[in-house]
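Reading the structure
Take a look at the letters that make up each chain.
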Amino acid sequence: MLSYLITDPKFYKDFKTTLINSIEKHNPDFICFRDKTSTKNAKLAVEIAKYYNIPILINQYVELLKLGFDGIHFTSNQLDLIQNYKECITFASTHNIDEVNKAKGADYITFSPIFASKGRSGLGIEKLNEIADIKKEVFALGGIVSKNEVKKVKKSKAIGFASIRYFLKD
């Protein structure tokens with residue numbers, strides 16, 4: 001099962017140490033830099049990902065692709081841009097079947113929330129399996145905070161899972 005670490009500045013004081021520790025502990029297959037506050041950290045994230053030979057994506061800020069990112073993770077509001085970025089890895093955030101269909105040109109999609117997260121109820125493993133029947137390259141996202149949720153996703157048709165808290169929480 002593939003794994004996708006998504007950064008979030010709420011979960012680190014020292015970005016470099018937190019990212020390196022998370023990579024060494026969990027060995028993710030992909031990293032998404034999701035931090036609107038720091039271009040310095042964006043450059044550092046690219047350096048660290050390259051050192052560990054892990055593909056790294058920028059979240060939504062296509063103009064930062066030039067810093068050396070391997071791809072872009074598009075928001076559900078950016079799905080019409082996917083076809084413009086075929087030369088790099090593309091992920092797309094999806095939350096319903098309409099968005100999944102609009103994101104068919106993406107290399108991978110995340111589908112969320114699978115489990116209850118941030119006050120939202122989860123869509124569940126059954127819905128995730130329905131989505132995997134439409135788009136095979138789907139990563140479960142949302143409410144994945146422990147090995148318990150990862151085990152449930154492993155039993156699904158998804159090829160992987162994406163998370164912030166699973167990777168970054170203490």
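Let me begin by describing the structure that accompanies this report. Predicted model, so just to flag it, every value in this text is computed and none were measured.

Things to note about the packing of aromatic side chains
Under the defined criterion, the tally for this structure stands at 17 aromatic pairs. A ring pair is formed by Phe15 and Phe33, whose centres lie 5.8 Å apart and whose planes are at 85 degrees; its orientation type is edge-to-face. Pair noted here: Phe15 is in helix α1 (residues 15-26) and Phe33 is in strand β2 (residues 30-33), with a separation of 18 residues, a long-range link. Residue Phe15 is classed as buried on the basis of its relative accessible area of 5%. Through pairs of rings, three or more aromatic residues link up here, namely Tyr4, Phe30, Phe91, Tyr108 and Phe139.

Section: the packing of α1 against helix α2 (residues 39-51)
At their nearest, the axes of α1 and α2 sit 10 Å apart, and the two run at 30 degrees to each other. By the angle between their directions, the pair α1 and α2 is classed as roughly parallel. Taken as a pair, α1 and α2 cross one another with a handedness that is right-handed. Judged by residue contacts, Phe15, Lys16, Leu19, Ile20 and Ile23 of α1 engage Asn41, Leu44, Ala45 and Ile48 from α2. Its residues placed into classes, the contact of α1 with α2 shows seven nonpolar, one polar and one charged.

Cut-offs used in this document
- Residues numbered from 1 in each chain as written.
- Predicted model: local features only at pLDDT ≥ 70, side-chain atom pairs only at ≥ 80, totals over all residues.
- Heavy atoms only, no water.
- Phe/Tyr/Trp six-rings, centres within 6.5 Å; stacked < 30°, edge-to-face > 60°.
- Helix = DSSP H or I, 4+ residues; strand = E, 2+ residues; numbered from the N terminus.
- Buried < 20%, exposed > 50% of the residue type's maximum accessible area, 1.4 Å probe, protein only.
- Axes fitted to C-alpha atoms, helices over the stretch in contact; angles between N-to-C directions.
- Parallel < 35°, antiparallel > 145°, perpendicular 65-115°, else oblique.
- Left-handed = near helix turned anticlockwise from the far one by under 90°.
- Contact = heavy atoms within 4.5 Å.
- Nonpolar A, V, L, I, M, F, W, Y, C, P; charged D, E, K, R; others polar.

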